[in-house]
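One letter stands for each residue in the lines below.
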Amino acid sequence: MWKQIIPDWADEIKERGFRQDRTLYDHEKWVHHRSSYRHLRDFLTSLSSRVILSLIPPVIAFTLVAVVIASYNTAVALEWLPEVFPMLRSSALPYQLTAPALALLLVFRTEASYSRFEEGRKAWTKVIAGTNDFARQIISGVENSGDAELKKALLQYVVAFPVALKALDLIRDRNLQMLTDSCLEGQLSQDDGTELVRLASRCLQSEPRERPNPKSLVAALTTLQKETEIPSHVLMGIPHTNSCSPLSPLGEACSRRDLTAVHEILENIGYKDDGMTNELSFQMWTDQMQETLDSKKNGDSAFKQKDFRTAIECYSQFIDIGNMVSPTIFARRSLSYLMDEMPQEALNDAMQAQVVSPIWHIASYLQAAALSALGMETEAQSALKEGTVLEAKMNTAAGHK
């Protein structure tokens, strides 16, 4: 009812003002702000003030109530209404009692607001100062010309950090256009763009339990795909041919979900695809590295004996220590999860193996097996095709050597 009586144009103007970029004051803007004509300027632009606009709806509501009561009392005083209608009166005592408390509350609230603003300003100053100091250390510390690319990458990450902090406000449905890639401009509605940014921010959460699982992520993205007649390989930029290459033994085993055959193939391949061999023994001068290699050896032994739960524990210990990164470890733990009927964890490890080694075909094949176990057959077939393409490229590169 109130929305029909009170227009919402005031809220629209107020929210539009919140979305405007706030620029820092330079000397010229301070001169303009301290001008002798500022009072006249502020008076003439008072109707565009967000504070006044936010007060318009409640002022209108209370004014209407006051008009109704005043009209009623006037009608009773002029005897326009029957005598049974009483005169509406209220004591001033409640207002006199609550006025000091309200005054103190306003003072405390204003003081708290300024304190929060000051704390935020100091925190942001520390962020900028720390960023500048870190950037200076990188520039002065990385002097080798061969590390120019590393220096450039580090500086880009340093610059991106304060921008990412400021992007937290943008993610909360504000200034969405600043977060959307230019190639997506005009292709997404406001609601779809907001949902896409929310999905991206959830995927970037530091805690794994706060990230969406691949199944829910695919389901959410499916609703955003309006051009359903366009094949997915075109949208993803994946080369596509009508003729499908024959699957390798590993690809065939993953397509059938013959986990025993996959286990034999992985056991025969070993660690030759990521270099995790006994040459690492030169790093065993520390106790922590010895513990890492012991976890790997115990996991390999359990994996060979098909004690997959023990293999999961040992490989997890190896990964948690974090001294070395091996896509084969993730692949073996992924297969162990599949053997233990934990397809979601298996898919996560297979995807992590692909992150470590993006051109490794075994990671795509294991993703296909995990997706098939999750009932996502279409995605499983896509992963199989991707694994076939990667394996063909690897074989071609090996033939040229």
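In case you missed it, the structure is sitting above this.
Since we're looking at a predicted model, the values are computed, not measured.

*Asks:* Would you mind going over the packing of helix α16 (residues 327–339) against helix α17 (residues 343–356) with me for this structure?
*Replies:* Packed helices, taken two at a time, are described by the angle their axes make and the gap between the axes. The interhelical angle for the contact between α16 and α17, taken along N-to-C directions, is 165°, at an axis separation of 8 Å. With respect to α17, the element α16 is oriented roughly antiparallel. Here α16 and α17 pass one another in a crossing that is left-handed. Contacts between α16 and α17 involve Pro327, Phe330, Ala331, Arg333, Ser334, Tyr337 and Leu338 from the first element and Pro343, Glu345, Ala346, Asp349, Ala350, Gln352, Ala353 and Val356 from the second. Its residues assigned to classes, the contact of α16 with α17 shows ten nonpolar, two polar and three charged.

*Asks:* Looking at this model, I keep getting lost on the environment of aspartate 340. Mind explaining?
*Replies:* Note on placement: aspartate 340 falls in the loop between α16 and α17. What makes aspartate 340 partly exposed here is its relative accessible area of 23%. Linking aspartate 340 and aspartate 307, residues 33 residues apart in sequence, is a C-alpha distance of 9.9 Å. Setting aside residues up to four positions removed in sequence, aspartate 340 forms contacts with Arg309 and Ile312.

*Asks:* I would appreciate a short explanation of helix α13 (residues 259–269) in the present structure.
*Replies:* Spacing of three or four residues puts side chains on the same side of an α-helix, whose turn is 3.6 residues. Those residues of α13 that fall on the buried side of the exposure criterion are Leu259, Val262, His263, Leu266 and Ile269. Around the axis of α13, the buried residues are gathered within 130° of arc, so they sit on the same side. Phi for glycine 270, located one or two positions after α13, is positive at around 70°.

*Asks:* What am I meant to see in the packing of helix α12 (residues 249–256) against helix α18 (residues 361–373) here?
*Replies:* Contact geometry of α12 with α18 gives a least axis separation of 8 Å together with a crossing angle of 15°. Of the possible angle classes, the one that applies to α12 and α18 is roughly parallel. As for the relative orientation of α12 and α18, their crossing is right-handed in sense. On α18, the residues touching Leu250, Gly251 and Cys254 of α12 are Ile362, Tyr365, Leu366 and Ala369. Class assignment for the residues of the contact of α12 with α18 results in six nonpolar, one polar and no charged.

*Asks:* Help me understand the packing of aromatic side chains in this model?
*Replies:* Aromatic rings considered in pairs are described by the distance between their centres and by the relative angle of their planes. In this structure the tally under the stated criterion is two aromatic pairs. Between tyrosine 72 and phenylalanine 85 the ring centres are 6.4 Å apart and the planes differ by 75°, which places this aromatic pair in the edge-to-face class. Separated by 13 residues along the polypeptide, tyrosine 72 in helix α5 (residues 50–77) and phenylalanine 85 in the loop between α5 and α6 (93–141) bring together distant segments of the chain. Residues phenylalanine 303 and phenylalanine 308 carry aromatic rings whose centres are separated by 6.1 Å and whose planes lie at 80° to one another, so their mutual orientation is edge-to-face.

*Asks:* Please explain the pattern of salt bridges as it appears in this structure.
*Replies:* Oppositely charged side chains may form a pair once their charged atoms are brought near each other. All chains considered together, the criterion is met by nine salt bridges. We note a salt bridge from arginine 256 to glutamate 252, for which the minimum N-O separation is 3.7 Å. Taken as a pair, arginine 256 and glutamate 252 lie in helix α12 at a separation of four residues, close to a single helical turn. Glutamate 252 sits in the partly exposed class, given a relative accessible area of 32%. Ionic pairing is found between glutamate 267 and arginine 332, a salt bridge with its closest N-O pair at 4.0 Å. In this pair, glutamate 267 is assigned in helix α13 and arginine 332 in helix α16, connecting sequence segments 65 residues apart. With relative accessibility at 26%, the residue glutamate 267 sits in the partly exposed group. For arginine 332, a relative accessible area of 3% translates into the label buried. Via salt bridges that share partners, Glu267, Lys296, Asp300 and Arg332 belong to a single interconnected network.

*Asks:* In this structure, what is going on with a nonpolar patch on the surface? I would like to understand it.
*Replies:* A contiguous nonpolar surface patch, about 340 Å² in accessible area, is contributed by Trp124, Ile128, Phe161 and Leu165. For the nonpolar patch, the secondary structure elements donating two or more residues are α6 and α7 (148–171). Tracing the backbone through its elements, the reader meets leucine 165 in helix α7. The class for leucine 165 is partly exposed, based on a relative accessible area of 33%.

*Asks:* Just checking my understanding: could you explain α17 for this structure?
*Replies:* Across its 14 residues, α17 extends 20 Å between first and last C-alpha, which sits within 8% of the 20 Å expected from 1.5 Å per residue. Inspection of α17 places Gln344, Ala346, Leu347, Asp349, Ala350, Ala353 and Gln354 among the buried residues, and these make up the whole buried set.

*Asks:* When you look at the nonpolar core in this model, what are you seeing that I'm missing?
*Replies:* Soluble globular proteins tend to pack their nonpolar side chains together in the buried interior. Val262, Phe303 and Ile362 are the most contacted members of the largest nonpolar core, which has 39 residues in total. Counting only elements with at least two residues in this core, the list comes to α12, α13, α14 (287–304), α15 (308–321), α16, α17, α18 and α19 (377–400). Of all the elements, α18 adds the most residues to this core, at eight residues. Beyond its immediate chain neighbours, meaning those up to four positions away, valine 262 contacts Leu250, Ala253, Cys254, Leu335 and Leu366.

*Asks:* Can you walk me through the environment of valine 389 in this structure?
*Replies:* Within the secondary structure, valine 389 is located in helix α19. Put simply, valine 389 and isoleucine 359 are 30 residues apart on the chain and 9.7 Å apart in space, counted from C-alpha to C-alpha.

Rules used in this analysis
Residues numbered from 1 in each chain as written. Predicted model: local features only at pLDDT ≥ 70, side-chain atom pairs only at ≥ 80, totals over all residues. Heavy atoms only, no water. Axes fitted to C-alpha atoms, helices over the stretch in contact; angles between N-to-C directions. Helix = DSSP H or I, 4+ residues; strand = E, 2+ residues; numbered from the N terminus. Parallel < 35°, antiparallel > 145°, perpendicular 65-115°, else oblique. Left-handed = near helix turned anticlockwise from the far one by under 90°. Contact = heavy atoms within 4.5 Å. Nonpolar A, V, L, I, M, F, W, Y, C, P; charged D, E, K, R; others polar. Buried < 20%, exposed > 50% of the residue type's maximum accessible area, 1.4 Å probe, protein only. Arc of directions from axis to C-beta. Phe/Tyr/Trp six-rings, centres within 6.5 Å; stacked < 30°, edge-to-face > 60°. Salt bridge = Lys/Arg side-chain N within 4 Å of Asp/Glu carboxyl O. Patch = residues over 30% accessible without salt bridge, like charges linked within 9 Å, V, L, I, M, F, W, Y side chains within 5 Å. Areas by Shrake-Rupley, 256 points an atom, 1.4 Å probe, with all protein chains shown as cover. Expected span 1.5 Å × (residues − 1). Core = buried A, V, L, I, M, F, W, Y, C linked by side-chain atoms within 4.5 Å.

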